Amino acid sequence: MNDILNLDDVKLVVDCFYGKVRQDEQLKDVFNNVIQGRWPEHLEKCTAFGKRFCWMNTPTTAVRFYLTQNFLLALNISTNG
């Protein structure tokens, strides 16, 4: 599992997470009903939020690494393929 270092990394996490959501039998209809075809706008907002939360506002590399790893583990996401 890699640290999130830039906007491309944040976008990768968001895309991986919502890719799984959109395939999940229990979640896809819930999200589709709320988002109603506005997926590009939703993903852009989530990426911007993730950038602020996981990268921009953390004071040190150690804290940023800790938040990144726990965020990814909580979502059960691997960005290593």
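Residues numbered from 1 in each chain as written. Predicted model: local features only at pLDDT ≥ 70, side-chain atom pairs only at ≥ 80, totals over all residues. Heavy atoms only, no water.

## Structural notes on the environment of Arg22
Thinking step 1. Structurally, Arg22 can be placed in helix 1 (residues 7-23).
Thinking step 2. The spacing of Arg22 and Asn32 is ten residues in sequence and 8.0 Å in space, taken between C-alpha atoms.
Thinking step 3. With sequence-adjacent residues up to four places away left out, Arg22 is seen in contact with Lys28 and Trp39. (Helix = DSSP H or I, 4+ residues; strand = E, 2+ residues; numbered from the N terminus. Contact = heavy atoms within 4.5 Å.)

## Digging into the pattern of salt bridges
Thinking step 1. Enumeration over the complete set of coordinates arrives at two salt bridges.
Thinking step 2. Salt-bridge contacts for Asp15 lead to Lys11; the nearest nitrogen and oxygen are separated by 2.8 Å. Of this pair, Asp15 and Lys11 are both found in helix 1, four residues apart, which corresponds to roughly one turn of the helix.
Thinking step 3. Given a relative accessible area of 32%, Asp15 falls into the partly exposed group. (Salt bridge = Lys/Arg side-chain N within 4 Å of Asp/Glu carboxyl O. Buried < 20%, exposed > 50% of the residue type's maximum accessible area, 1.4 Å probe, protein only.)

## Structural notes on the confidence of the model for the protein chain
Reading predicted coordinates in detail is not appropriate for stretches of low pLDDT.
Thinking step 1. Model confidence for the protein chain is summarised by a mean pLDDT of 75, while 58% of its residues fall at 70 or above.
Thinking step 2. Mean pLDDT in the protein chain bottoms out at helix 4 (residues 61-74), which sits at 58, and peaks at helix 2 (residues 28-35), which reaches 92. (pLDDT = per-residue confidence, 0-100.)

## Thoughts on the packing of aromatic side chains
Thinking step 1. Within the structure shown, the criterion is met by three aromatic pairs.
Thinking step 2. Taking the centre distance of 4.8 Å and the plane angle of 80 degrees together, the rings of Phe17 and Tyr18 count as edge-to-face.
Thinking step 3. According to the relative accessible area criterion, Phe17 is partly exposed, its value standing at 23%.
Thinking step 4. The buried category is assigned to Tyr18, whose relative accessible area is 11%.
Thinking step 5. Relative to Phe31, the ring of Tyr18 lies with its centre 5.8 Å away and its plane at 75 degrees, an arrangement referred to as edge-to-face. Separated by 13 residues along the polypeptide, Tyr18 in helix 1 and Phe31 in helix 2 bring together distant segments of the chain.
Thinking step 6. Relative accessible area serves as the criterion here: at 23%, Phe31 is assigned to the partly exposed category. (Phe/Tyr/Trp six-rings, centres within 6.5 Å; stacked < 30°, edge-to-face > 60°.)

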